Amino acid sequence: DVKVTQSSRYLVKRTGEKVFLECVQDMDHENMFWYRQDPGLGLRLIYFSYDVKMKEKGDIPEGYSVSREKKERFSLILESASTNQTSMYLCASRYSGTNTGELFFGEGSRLTVL
Amino acid sequence: DAKTTQPTSMDCAEGRAANLPCNHSTISGNEYVYWYRQIHSQGPQYIIHGLKNNETNEMASLIITEDRKSSTLILPHATLRDTAVYYCIVRLNNAGNMLTFGGGTRLMVKP
């Protein structure tokens, strides 16, 4: 089975701290994604990556950056965390050659910024 | 991507079939219908997808109307573990980057 693992289920950080959210997938997927999920707003795409060292902005990239140095790992970085970045963060991956469009999600990282 | 409309919540008795409707009246000819679900505190999980034919897998069946303006996800024998939010999404098959989930239907399976 495909496994997408996010490094932390729950984090509490202070305003201004740098935050790293790590995501690792074990199925050699080319495409990886970071979403945030907030009540009433559904899932919103922050950044995605088509392949190693490739990255594209999603709908809400402001305040975030990403890193994809290895195929299996996609990191989301909050350079200076703010309270409005308190959210559930979800990582997903996908094989680019599939015709199903199926995304595999991790279990999420709930970040609280105080 | 075409917009979808789903009921906010539904109840279903354990062991009975759960039928979750979705309206997507503005769907275009090359857009697929996808269903995901999200169990509390977990990431979304893919269930099934289809273009115009009905589809079935080990989790569920997907019935798409002939005009493709609506669909129904069927869980044939709902269990308590099927309690989740179910999302219906329509999208092009080659654009996995943008996936807009919307509000979904909160299914409560009751004993």
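Scroll up to find the structure this text is about.
This is a predicted model, so every value here is computed, not measured.

(A) Layout of the packing of aromatic side chains. Enumeration over the complete set of coordinates arrives at eight aromatic pairs over all chains. Both rings, one in B:Y32 and one in B:Y34, keep their centres 6.4 Å apart while their planes meet at 45 degrees; by these two values the pair is tilted. The class of B:Y34 is buried, set by a relative accessible area of 1%. One aromatic cluster in this structure is built from A:F33, A:Y35, A:F48, A:Y50, A:F105, B:Y36 and B:Y46.

(B) Structural context of the side chain of A:R36. All names here are of chain A. Its place among the elements puts R36 in strand 5 (residues 31-38). The exposure class of R36 is buried, given its relative accessible area of 8%. Within the structure, R36 has its side chain in polar contact with the backbone oxygen of N84 (distance 3.0 Å). Of note is the side chain of R36, whose polar atom sits 3.5 Å from the backbone oxygen of T86. In this view, R36 contacts G42, L43, R44, I46, I60, Y64, N84, Q85, T86, S87, M88 and Y89; residues no more than four positions away in its chain are not counted.

(C) Quick peek at the side chain of B:E31. The residue B:E31 is located in strand 3 (residues 31-38) in this model. Buried charge B:E31 goes without a salt bridge, the closest partner of opposite sign being B:R68 at 6.1 Å.

(D) A look at the pattern of salt bridges. By the definition in use, this model includes 10 salt bridges over all chains. Salt-bridge contacts for A:E107 lead to A:R9; the nearest nitrogen and oxygen are separated by 2.9 Å. Placement of A:E107 in the loop between strand 11 (104-105) and strand 12 (109-113) and of A:R9 in the loop between strand 1 (4-6) and strand 2 (10-13) is noted, with a sequence separation of 98 residues between them. Note that B:D11 and B:K110 form a salt bridge whose closest N and O atoms lie 3.0 Å from each other. Highlighted residues: B:D11 in strand 1 (residues 9-13) and B:K110 in strand 9 (residues 105-110), separated in sequence by 99 residues. For B:D11, a relative accessible area of 51% corresponds to the exposed category.

Cut-off values and rules
Residues numbered from 1 in each chain as written. Chains lettered and ligands numbered in written order. Predicted model: local features only at pLDDT ≥ 70, side-chain atom pairs only at ≥ 80, totals over all residues. Heavy atoms only, no water. Phe/Tyr/Trp six-rings, centres within 6.5 Å; stacked < 30°, edge-to-face > 60°. Buried < 20%, exposed > 50% of the residue type's maximum accessible area, 1.4 Å probe, protein only. Helix = DSSP H or I, 4+ residues; strand = E, 2+ residues; numbered from the N terminus. Polar contact = N/O pair within 3.5 Å; in protein donor to acceptor, adjacent residues only side chain to side chain. Contact = heavy atoms within 4.5 Å. Lys, Arg positive; Asp, Glu negative; His and termini not counted. Salt bridge = Lys/Arg side-chain N within 4 Å of Asp/Glu carboxyl O.

Everything listed is a geometric property; what it means functionally is a separate question.
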